[in-house]
Amino acid sequence: MADRQLDRYYRYRRFRLPRRPRVFTDRNNPLEILDVESVRKRYRFFPDSIMILVGIVEPTIGTATMRSNPLPPLLTVLCCLQFFATGAHHIVIAQAHGVSRSAVGKAIHAVSVILAGLLNRYVKFPTGLEIESVKRKFYSVAGFPNVVGAVDGTHVKIQAPPDNEADYVNRKGYHSLNVQMVCDANYRITDVIAKWPGSVHDSRMFSEGILCQKLETGQIDGLLLGDSGYPCRKYLMTPYANPRNLSEERFNTALCRTRVLIEQTFGMLKRRFAVLKYGIRTTPDRAAVYVASCAMLHNFGFEHGDVYGRQTYEDDDMPQVDNQGVDVNGRTQRDYITQRHFAV
C-alpha cells in the first residue's frame, strides 16, 4: 500500500507540478571589472596576454548549439588560468565567475588539451645559431663552457591513482609525477617529460628520453649540467663527489652556480602556477596534460614579455642518491674541462 502511494506521489510530481525554470546568472567580464594588477594576481597574466591566449584557443573551442549555452572563450580561458594559478576547487572558481561547477571542469579540460597540443611550438631545444647564443649566455654565468642546458626533475603531487598506486609513491611518501625539465640560461624551458610515476629515478627518466638519444648520437653539440642524481657522461656533467684539489672544487662551484638556473626555473613555474606546487587532484594522465600546459604557458609568457616570479628559487627536490656513476668518457671529459678551464 505504501509503495503504491509513493509511486502515485512521484507520478504527480512528475506530470502535475511545474518544472523549476532554469536560471542563467550574469557572466561579467573580469577584465573589465578588475584593474590590471588584480587581473595578474588572479590569473598570472596581464590582460593583453590573456586576450592573445583567447585568440589561440577560440578557433578550437566548441560553439553554441540549439541545446546549449556554452561559456564564451574568454571565460573558458579565465577559468583554466585561475585553476592553474591557485589549484582551487572547481566550485570555488565557478562561484567567482558565475558559472556551474561542471562548466569549469569542462573548460579546464578543453583549454589544457589545446595548450598541451601547442607544447612543441613553444617548448623546443635550441638549434643552429640559437645554440651558440645559449652557450655564450651559460658561459657568462660562471665560466662553464659549451653548456646547452641544465637538467633536473621535480615532483608534482597528484591524488592516489586506482591502478599501479604504489608506483606513484615517491621517496618522500606521497603520490606524484616525476617531471623532468631542461632550461636555458634565460629560464625558458627547452625540454619537458611529464609521464613518469614518482618512484622512477631521475637517471632513468633521462636515459630513456629522446634528448639523451640525440646527445649520445651527436645530433646536439654541447653539454647538459645535472646534479649527483644523474650519471656523469661525456654530454652530461655532474659534480665531483669528493673533490681532491682546488681545481675540482672550482669545477664544482661553477657547475652548481650554472645548474641552479633549473632550480630557479622550477621556482618561477610553481610560483606562477600554484597547482603544480600544492597538488593536482586528478588522474596521472590528466595531470601530465596540466603540467605540459603550464610549461607551454611559462614559455608563452616569456615570448610576450609577461614574466612572473623571476629569480625564485626552489630546492625541495634534492638528489635521490649521490654519485650515480661515472663512465670512462664522462670522467675524461670532466677532467679535461677541469684542467682546461678551472686549473689553479
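Before reading on, note that the structure itself is shown above.
Here is a short report on the structure shown in this document. In this text, all values refer to a predicted model and were calculated from it rather than measured experimentally. (Residues numbered from 1 in each chain as written. Predicted model: local features only at pLDDT ≥ 70, side-chain atom pairs only at ≥ 80, totals over all residues. Heavy atoms only, no water.)

### Quick look at the environment of Val-200
If you trace the backbone, Val-200 turns up in the loop between β3 (189-197) and α10 (202-207). On the basis of relative accessible area, Val-200 is assigned to the buried category, the value being 9%. In this structure the C-alpha to C-alpha distance between Val-200 and Leu-177, which are 23 residues apart in sequence, comes to 8.9 Å. (Helix = DSSP H or I, 4+ residues; strand = E, 2+ residues; numbered from the N terminus. Buried < 20%, exposed > 50% of the residue type's maximum accessible area, 1.4 Å probe, protein only.)

### Some points on the pairing of strand β1 (residues 147-157)
Most of β1 sits inside the fold, with 10 of its 11 residues counted as buried. Pairing of β1 with strand β4 (residues 223-225) involves 3 bridges; the strand directions are parallel. Residue Gly-149 lies in a different strand from β4, and its bridge partner there is Leu-224. With 8 bridges connecting them, β1 and strand β2 (residues 176-183) associate as antiparallel partners. Following the sheet pairing, Val-151 is matched in β2 by Val-182. (Pairing = 2+ DSSP bridges.)

### So, the nonpolar core
Among the nonpolar cores identified, the biggest contains 84 residues, and Ile-50, Phe-84, Phe-144, Met-181, Met-237, Leu-276 and Leu-297 are the most heavily contacted of them. No other element matches the 11 residues that helix α14 (residues 284-303) contributes to this core. Discounting chain neighbours no more than four positions away, the residues touching Phe-84 are Ser-112, Leu-115, Arg-272, Phe-273, Ala-274, Val-275, Tyr-290, Ser-293, Cys-294 and Leu-297. Formed by 14 residues, the second largest nonpolar core is a distinct cluster that contains Cys-212, Leu-224, Tyr-235 and Leu-236. (Core = buried A, V, L, I, M, F, W, Y, C linked by side-chain atoms within 4.5 Å. Contact = heavy atoms within 4.5 Å.)

### What to know about the sheet that holds β4
Backbone hydrogen bonds are what pair the strands of a sheet, in a parallel or an antiparallel way. Pairing is mixed in the open sheet, where 5 strands are placed in the order β3-β2-β1-β4-β5. Each end of this open sheet is capped by a strand with a single partner; those strands are β3 and β5 (236-237). Pairing of β2 with β3 involves 6 bridges; the strand directions are antiparallel. By the bridge assignment, Met-181 is partnered in β3 with Val-192. Lying on the sheet, helix α9 (residues 129-142) is in contact with β1 and β2; it crosses β1 at an angle near 80 degrees. Packed onto the sheet, helix α12 (residues 246-272) meets β1, β2, β3, β4 and β5 and runs at close to 45 degrees relative to β1. (Axes fitted to C-alpha atoms, helices over the stretch in contact; angles between N-to-C directions.)

### Regarding the pattern of salt bridges
All told, the structure shown has 9 salt bridges when counted by the stated rule. Between Asp-327 and Arg-233 there is a salt bridge; the shortest N-O distance is 3.6 Å. Of this pair, Asp-327 sits in the loop between α14 and α15 (328-341) while Arg-233 sits in the loop between β4 and β5; the two residues are 94 residues apart in sequence, bridging distant segments of the chain. By relative accessible area, Arg-233 is classed as partly exposed at 25%. Ionic contacts of the salt-bridge type, sharing partners, join the residues Arg-40, Arg-272 and Asp-306 into one network. (Salt bridge = Lys/Arg side-chain N within 4 Å of Asp/Glu carboxyl O.)

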